[in-house]
Amino acid sequence: MRGIFAAGVLDVFLERAFSPFELAIGSSAGACNLASHLAGQHGRNRRCYLTQMRRPEFIDARRFLRGGHWLDIDYLWDAFDREDPLDTHAATRNATRLLVAATSVDTGDAAYLQPAAGELSETLRASSAVPLLFRRFVELDGQRYTDGGVTAPVPVEEAYRRGARHIVVIRSRPARFPGPSRLECSVAQVMLRGHPALAAAFARYRAVYARAAAFIASPPRDCRVIHVAPEALRTTRITRDASVLESDYQQGRRAAVRAIQAW
């Protein structure tokens, strides 16, 4: 749900026709936000956060305790398709190339996928499949994937590796956020011990996050990074309060204005 901040940023980018990018890389909610943005569907991200994603059919801790999903990604994707579908053709035909980061369950590595229109929705589902809170993996071409945020939480280094030298990073955490806690990563490793490569990815999670944060704070000399991060978010991963979500959406809109000026 913290992606509501980026929804505000990207809506202002569309309103001001700010689109100087050759490449867009996102993981999990970030990838979903980018897909709607590149499709030109102004306001869709905000609607999704304030409508389908607030429903108990999507977020339900009691269901999790009974053995079901805490975050039911399958319900959510079906609701999107019925009520507010993503224009996958527009998203994949945009001059800005979209890469969706997902985590391979079998290797524990990040995979940067460039799906065609017919594959985009399922690829976004794979990238958003938060381990443990969503109790299954998503299969693409015979490979199992899960949340891209585990191995590519802030894929700024991948953008640099692919030649980007003028980069806008849109975060869902304040700039000073230290990364996932040791406890969170340790619990995930224990719970996922039946999937050793994925458990190992959680063992590296803190270091991967710290490396990305260090890159943003001190990029190489030939690279400029514009860092768009909230000052503080009231929204958590599972917030359903519409007023809180709307407040953080508006914070994203204000941050977008500053980012365009910085560019």
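Just so it is clear, the model here is predicted, and its values are computed rather than measured. (Residues numbered from 1 in each chain as written. Predicted model: local features only at pLDDT ≥ 70, side-chain atom pairs only at ≥ 80, totals over all residues. Heavy atoms only, no water.)

Attention now goes to the overall build of the protein chain. For the protein chain, the helix and strand inventory stands at eleven helices and seven strands. Rg of the C-alpha trace for the protein chain: 17 Å, near the compact-globule value of 18 Å for 263 residues, within the 12% margin. A principal-axis box enclosing the C-alpha atoms of the protein chain has dimensions of 50 × 40 × 35 Å. Sorting the 263 residues of the protein chain into buried and exposed places 52% on the buried side. For the protein chain, the accessible area works out to roughly 12,300 Å², and carbon and sulfur atoms hold 50% of it. Across the protein chain, the mean location of the 36 positive side-chain charges is 6 Å away from that of the 27 negative side-chain charges. (Helix = DSSP H or I, 4+ residues; strand = E, 2+ residues; numbered from the N terminus. Rg over C-alpha atoms; globule rule 2.2 N^0.38 Å. Buried < 20%, exposed > 50% of the residue type's maximum accessible area, 1.4 Å probe, protein only. Areas by Shrake-Rupley, 256 points an atom, 1.4 Å probe, with all protein chains shown as cover. Lys, Arg positive; Asp, Glu negative; His and termini not counted. Charge placed at Lys NZ, Arg CZ, Asp CG, Glu CD.)

Next up on the list: the layout of surface pockets. Each pocket or cavity is described by its volume, and for the second largest pocket that value is around 320 Å³. Around the second largest pocket, the lining comprises 16 residues; the ones closest to its centre are Val-130, Pro-131, Leu-133, Glu-184 and Arg-237. Of all the secondary structure elements, the ones that give two or more residues to the lining of the second largest pocket are α9 (182-191) and α10 (196-217). Partitioning the lining of the second largest pocket into residue classes produces twelve nonpolar, one polar and three charged. (1 Å grid on protein atoms, 1.4 Å probe; cavity = no way out; pocket = protein on both sides within 12 Å on 5 of 7 lines; lining within 4 Å. Points joined across faces, edges and corners; volume = space filled by probe spheres on them. Nonpolar A, V, L, I, M, F, W, Y, C, P; charged D, E, K, R; others polar.)

So, about the nonpolar core. Phe-13, Met-53, Phe-58, Leu-98, Leu-120, Leu-124 and Val-228 are the most contacted members of the largest nonpolar core, which has 56 residues in total. In terms of residues, this core owes the most to one element, helix α1 (residues 4-15), which gives seven residues. Contact partners of Leu-120, with chain neighbours within four places excluded, come to Ala-35, Leu-86, Thr-88, Ala-91, Thr-92, Leu-98, Val-100 and Pro-115. In this structure, Val-105, Ile-167, Phe-215 and Val-225 belong to the second largest nonpolar core, which totals 24 residues. (Core = buried A, V, L, I, M, F, W, Y, C linked by side-chain atoms within 4.5 Å. Contact = heavy atoms within 4.5 Å.)

Let us now look at the pattern of salt bridges. Considering all chains together, one arrives at 14 salt bridges under this definition. Salt-bridge contacts for Arg-144 lead to Asp-106; the nearest nitrogen and oxygen are separated by 2.6 Å. In this pair, Arg-144 sits in strand β5 (residues 143-146) while Asp-106 sits in the loop between β2 (97-104) and β3 (110-113), placing the two residues 38 residues apart along the sequence. Two residues, Arg-211 and Glu-157, come together in a salt bridge whose shortest N-O distance is 3.2 Å. Of this pair, Arg-211 sits in helix α10 while Glu-157 sits in helix α8 (residues 156-161), placing them 54 residues apart in sequence. (Salt bridge = Lys/Arg side-chain N within 4 Å of Asp/Glu carboxyl O.)

A separate point is the environment of Phe-215. Here Phe-215 lies in helix α10. Along the chain, Phe-215 and Leu-14 lie 201 residues apart, while their C-alpha atoms are 27 Å from each other. Ignoring any residue separated from it by four or fewer positions in sequence, one finds Phe-215 in contact with Val-156, Glu-157, Tyr-160, Pro-220, Cys-223 and Val-225.

Further remarks concern the side chain of Thr-96. Among the structural elements, Thr-96 can be located in the loop between α6 (88-93) and β2. What makes Thr-96 buried here is its relative accessible area of 4%. Among the polar contacts made by the side chain of Thr-96, one reaches the main-chain carbonyl oxygen of Phe-21 at a distance of 2.7 Å. (Polar contact = N/O pair within 3.5 Å; in protein donor to acceptor, adjacent residues only side chain to side chain.)

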